[in-house]
Amino acid sequence: MASFAEKQAGLSVAMVAGETSGDLLAGRLLSGLRPRLPDAHMHGIGGPAMAKYGFVSDFPMEKLSVRGLFEVLAHYREIKGIQNTLRDQLLAERPAVFIGVDAPDFNLGLEAQLKDAGIPTVHFVGPSIWAWRGGRIKKIARSVSHMLVIFPFEEEIYRKAGIPATYVGHPLAQVIPMEPDQAAARAELGLPQEGRVVAILPGSRMSELKYNAAAFVGAAKLLLQRDPSLRFVAPMAGETRHRYFQELIAQAGLQDVPLLIADGKSHAALAAADAVLVASGTASLEVALFKKPMVIAYKMMRASWHVLRHMGYQPWIGLPNILAREFLVPELLQDAATPQALADAMWLQLEDAAHRERLRQRFVEMHFSLLRDTAGESAQAVMNLIDRTGSLD
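What follows covers the confidence of the model for the protein chain. A residue-level look at the protein chain finds 89% of positions with pLDDT of 70 or above and a mean pLDDT of 89. By mean pLDDT, helix α1 (residues 4–9) is the weakest element of the protein chain at 55, and helix α10 (residues 182–189) is the strongest at 98.

This is the structure:
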């Protein structure tokens, strides 16, 4: 009879993460799964956080990092080709499990085809059916064997729809300390200990930088007119985005705005900051977990905006506001996200001490509600599914 080591040595686990935030989430899952399957072949599409656990990316993750309806259409043929090639490879290989990490437009279609062929599928991070596109839950039911959700209210939603689900907490709640060390972060970035620091996070995708960079840096220029001692830090996800961000700033005539660009230092930038101007998305939740006041802003291609703005059925887009079920922090979207409006909203976040303390207390409560052993619980849910389907028999 084959030993466990012999069985899992020939086993493969396939995964797809489509962008930086998904790579980080998948890395947390792999930190729990790899010790349970030390010799399994893990591959698909991913980034550096996944590679730390021996994951092999068969395609560049950046190929999937496109956002917006019309932006996706421009790259549709290439993305569909990648999906089809990976599908055919996995149907021939028959991995023990396929784990789609976020990227629902890419992953759900792939998961449906794999599940139909008898390959168990896990989706990590439930699509935001509670925010918009609620009809998608029928597609999820067809595509997903088990859902791993990161917000406490999601588990019941999926179970009511007949989709097995496990709430595993949000991995960022474990990674980010309950009390961030601002002094250490400023020292790491070479920022002065005295004075106020504003972090600018216009997005991790190239398309987000394209539409947000000029407005965000324009707001910084206006804030400097109110307080010339302010310091600004903008973390970037790698050298390519760093260069593109600088190009966009130069095109807008804002290259003289003093701005520390810190590659791969987003958490240090948030810990160092007194307030944050952030694009909507996972980064806004990171800001909340760092207990910082913020303004959430977002701009996109105008045609995409006209379609998407009619698809929501709740008033918030920022994760901190969605979790709080109220406008804890300002949201300025599309035409409302002018440099002047962003600067005015940021100034209030910097100046209102009582508001800052109220936000800190709410964000502490939010942090505790999202704390779980995400790596361990998500990995165990995957192992349970593998066991039930007999891949290790």
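Moving on, we get to the nonpolar core. One finds Leu 33, Ile 99 and Phe 124 to be the most contacted residues of the largest nonpolar core, which totals 75 residues. Top element by residues in this core is helix α19 (residues 374–389). It accounts for six residues. When neighbours within four sequence positions are excluded, Phe 124 is seen to be in contact with Leu 25, Leu 29, Ile 99, Gly 100, Val 101, Asp 102, Leu 148, Ile 150, Val 168 and Thr 374.

Turning to the pairing of strand β8 (residues 197–201), a few remarks are in order. Each regular strand carries side chains that alternate between the two faces of the sheet. Across the five residues that make up β8, a large majority, five, are buried. Where burial is concerned, the two faces of β8 agree: the one with Val 197, Ala 199 and Leu 201 and the one with Val 198 and Ile 200 are both buried. With three bridges joining them, β8 and strand β9 (residues 231–236) adopt parallel strand pairing. Opposite Val 197, over in β9, you have Arg 231 as the bridge partner. In the classification by handedness, the crossover that spans β8, the intervening helix α11 (residues 206–226) and the parallel β9 is right-handed. Bridging between β8 and strand β11 (residues 275–279) involves four bridges; their strand directions are parallel. Residue pairing in the sheet places Ile 200 in a bridge with Leu 277 of β11.

Turning our attention to the sheet that holds β11. Taken together, six strands build an open sheet; the order of strands is β10-β9-β8-β11-β12-β13 and the sheet is parallel. In this open sheet, the two strands that pair with only one neighbour each are β10 (260–263) and β13 (331–333). Strand after strand, the sheet turns through a mean of 20 degrees between neighbouring axes, direction not considered. As defined by bridge partners, strand β12 (residues 294–298) adjoins β13 across three bridges and the pair is classed as parallel. Across the sheet, residue Tyr 298 finds its bridge partner in β13, namely Leu 333. Helix α12 (residues 239–251) contacts β9 and β10 of the sheet and is inclined by roughly 160 degrees relative to β10.

Under the 1.5 Å per step criterion, the end-to-end length of α12 is 18 Å for 13 residues, consistent within 8% with the ideal 18 Å. All of the buried residues along α12 are Arg 241, His 242, Phe 245, Leu 248 and Ile 249. End-on, the buried residues of α12 take up no more than an arc of 130 degrees, which puts them together on one face. Of the residues in α12, the exposed ones pointing more than 90 degrees away from the buried face are Glu 239 and Gln 251. Where α12 is buried, its residues contact α11, β9 and β10. Gly 253 occupies a position one or two residues after α12 and carries a positive phi of about 70 degrees.

Read across the sheet, seven strands follow the order β3-β2-β1-β4-β5-β6-β7 without closing on themselves; strand pairing throughout is parallel. Each of the sheet's edge strands pairs with one partner strand only, and the pair in question is β3 (56–60) and β7 (165–167). Taken over all neighbouring pairs, the strand axes of this sheet differ in orientation by 20 degrees on average, direction set aside. As judged from the three bridges shared by strand β5 (residues 121–124) and strand β6 (residues 146–149), these two strands associate in the parallel manner. Within the sheet, the bridge partner assigned to Phe 124 lies in β6 and is Leu 148. Seen against the sheet, α19 touches β4 (97–101), β5, β6 and β7 and runs at an angle of roughly 180 degrees to β6.

On inspection of all chains with the given rule, the structure shows two aromatic pairs. Geometrically, the ring pair formed by Phe 151 and Phe 153 is stacked, given 6.1 Å between the ring centres and 5 degrees between the ring planes. Judged by relative accessible area, Phe 151 falls into the buried class, the value being 5%. Classification of Phe 153 by relative accessible area gives partly exposed; the value is 31%.

As a further point, take the pattern of salt bridges. A side chain of one charge can pair with a side chain of the opposite charge when the charged atoms of the two come close. Under the counting rule described, the total for this entry stands at 15 salt bridges. A salt bridge links Lys 63 to Glu 78, with the shortest nitrogen-to-oxygen separation between them at 2.8 Å. Here the residue Lys 63 occupies a position in the loop between β3 and α4 (69–74), and Glu 78 occupies one in helix α5 (residues 76–93), the gap between them amounting to 15 residues. Lys 63 sits in the partly exposed class, given a relative accessible area of 34%. Here Glu 78 falls in the partly exposed class, since its relative accessible area comes to 35%.

Calculation notes
- The residue numbers shown here count from 1 along each chain, following its written sequence.
- Reporting of local features is limited, given that this is a predicted model, to residues whose pLDDT is at least 70; pairs of side-chain atoms are given and counted only at 80 or more, and all residues count toward the totals for whole chains, interfaces and linings.
- Side-chain figures throughout are based on the complete set of non-hydrogen atoms in the structure, without hydrogens or water.
- The predictor attaches a confidence to each residue, called pLDDT, with possible values from 0 through 100.
- In DSSP terms, a helix is any run of H or I states spanning at least four residues, a strand is any run of E spanning at least two, and both are numbered starting from the N terminus.
- Each nonpolar core is a collection of buried residues, namely Ala, Val, Leu, Ile, Met, Phe, Trp, Tyr and Cys, held together in the definition by side-chain atoms within 4.5 Å.
- The cut-offs for exposure are 20% and 50% of the maximum accessible area for each residue type, with area from a 1.4 Å probe on protein chains only; residues under the lower value are buried, those over the upper are exposed, and the others partly exposed.
- Only heavy atoms enter the contact rule, under which two residues are in contact if any of them lie within 4.5 Å.
- For two strands to be treated as a pair, DSSP must find at least two bridges joining them.
- Handedness rule for crossovers: strands pointing away from the viewer, path from the first strand over the helix to the second running clockwise, crossover right-handed.
- Axis lines are fitted to C-alpha atoms, over the contacting stretch for helices. Their N-to-C directions set the angle, which ranges from 0 to 180 degrees.
- Multiplying 1.5 Å by the residue count of a helix minus one yields the expected span of that helix.
- Here the arc refers to the set of directions running from the helix axis out to each C-beta atom.
- Paired rings are identified among Phe, Tyr and Trp, the last through its six-membered ring, by centres lying within 6.5 Å, and are further divided according to the angle between planes into stacked (under 30 degrees), edge-to-face (over 60) and tilted (the rest).
- Salt-bridge detection follows one rule: a side-chain nitrogen of Lys or Arg within 4 Å of a carboxyl oxygen of Asp or Glu.

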